[in-house]
Amino acid sequence: MGQAYSQVDAFTDRPFGGNPAAVLVLENAASDGWMQQVAAEMNLSETAFLVPQADGFGLRWFTPAVEVNLCGHATLASAHILWADGLLDRDRQARFHTLSGVLTATFQNDEIALNFPAIAVEPSEAAPQALLQALGNVEIASVSQNQRNYLVELASAEQLRSLVPNFSLLRQLPGEGVIVTSGSDADDFDFLSRYFAPNLGILEDPVTGMAHCYLAPYWCRKLGQSELRAFQASSRGGQMRVRSDGDRVTLIGGAITVMRGELLHPVEFA
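Residues numbered from 1 in each chain as written. Predicted model: local features only at pLDDT ≥ 70, side-chain atom pairs only at ≥ 80, totals over all residues. Heavy atoms only, no water.

(A) Just the side chain of T208, in detail. Along the chain, T208 turns up in the loop between β14 (202-205) and α6 (209-223). Assessed through its relative accessible area of 4%, T208 is described here as buried. Residues contacting T208, with those up to four places away along its chain left out, are Y195, Q232 and M240. (Helix = DSSP H or I, 4+ residues; strand = E, 2+ residues; numbered from the N terminus. Buried < 20%, exposed > 50% of the residue type's maximum accessible area, 1.4 Å probe, protein only. Contact = heavy atoms within 4.5 Å.)

The following block contains the structure:
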């Protein structure tokens, strides 16, 4: 008997939009090597592995290249599968034990609300030349960073949408990736973003929940609002509503199951 999996498009209201994630609900914890091989085989920005626990589910996320310590769209996809497959009643909160602590999801009016940690950045005293050269001829409003990611605000949405970075130069940067953002040029949204993470094996992520843990407090503070509408302007595109509340953020979006299948290779348990 093989291992069932589902593929879910997250942070979208239509099939083949948003960010696809594979979700596997396992009976017991699998080996790290096996999970990494499965994620490479799926070749999606993230594959999520769930294991039932007494108080919720253990949850781990793998890109095709590495394990990551926080992923929004694959968490949203995981919650969607738990409710869609009847593994959890929709009036019950989904609790996930992860490398970033306990994360929760609730079902609200056909959408899913994720409770995630807010991630702080500090203004960069001097942006690395590799970063500036990688982004090319754009007008930069500000650069902030922490040990994991850079957050770059561009002067216009037009520059953000047309940006074609130099990925070879981005690979020279320390950490995980670069979040690029701007104010919105569309009335439906308050700000835009894109996320590039070649060091994680992802050139451009379609829709990035983790990045909005940076973006929600950044833009809510800048615009003086507690809830905003966000659009990630990748080729697939995806949207969410975000709220900022101290050291936590809420990410709200939809999800659609687009594929189900079976892995014929047996699970290698830890």
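(B) Layout of α6. In a regular helix each residue adds 1.5 Å, so 15 residues correspond to 21 Å; α6 covers 20 Å between its end C-alpha atoms and thus fits that length. For α6, the tally of buried residues reaches 12 of 15 residues, placing the bulk of the element in the interior. G209, M210, A211, H212, C213, Y214, L215, A216, P217, Y218, W219 and C220 are the residues of α6 that are buried. Phi turns positive one or two residues past the end of α6, at G224, with a value near 70°. (Expected span 1.5 Å × (residues − 1).)

(C) Layout of the pairing of strand β7 (residues 101-108). Note that strand β6 (residues 94-98) and β7 share 5 bridges and pair antiparallel. The partner of A94 across the bridge, within β7, is A105. Counted between consecutive antiparallel strands, the loop separating β6 from β7 contains 2 residues. Direction of pairing for β7 relative to strand β8 (residues 111-117): antiparallel, over a ladder of 5 bridges. Among the inter-strand pairings, T106 is bridged to a residue of β8, identified as A113. Between β7 and β8, which follow one another and run antiparallel, lie 2 residues, and N109 among them has a positive phi close to 50°. (Pairing = 2+ DSSP bridges.)

(D) A look at the environment of A155. Inspection of the secondary structure puts A155 in the loop between β11 (149-154) and α4 (157-162). The spatial distance from the C-alpha of A155 to the C-alpha of V267 is 49 Å, given a sequence separation of 112 residues. Residues in contact with A155, not counting those within four places in the same chain, are E139 and A141.

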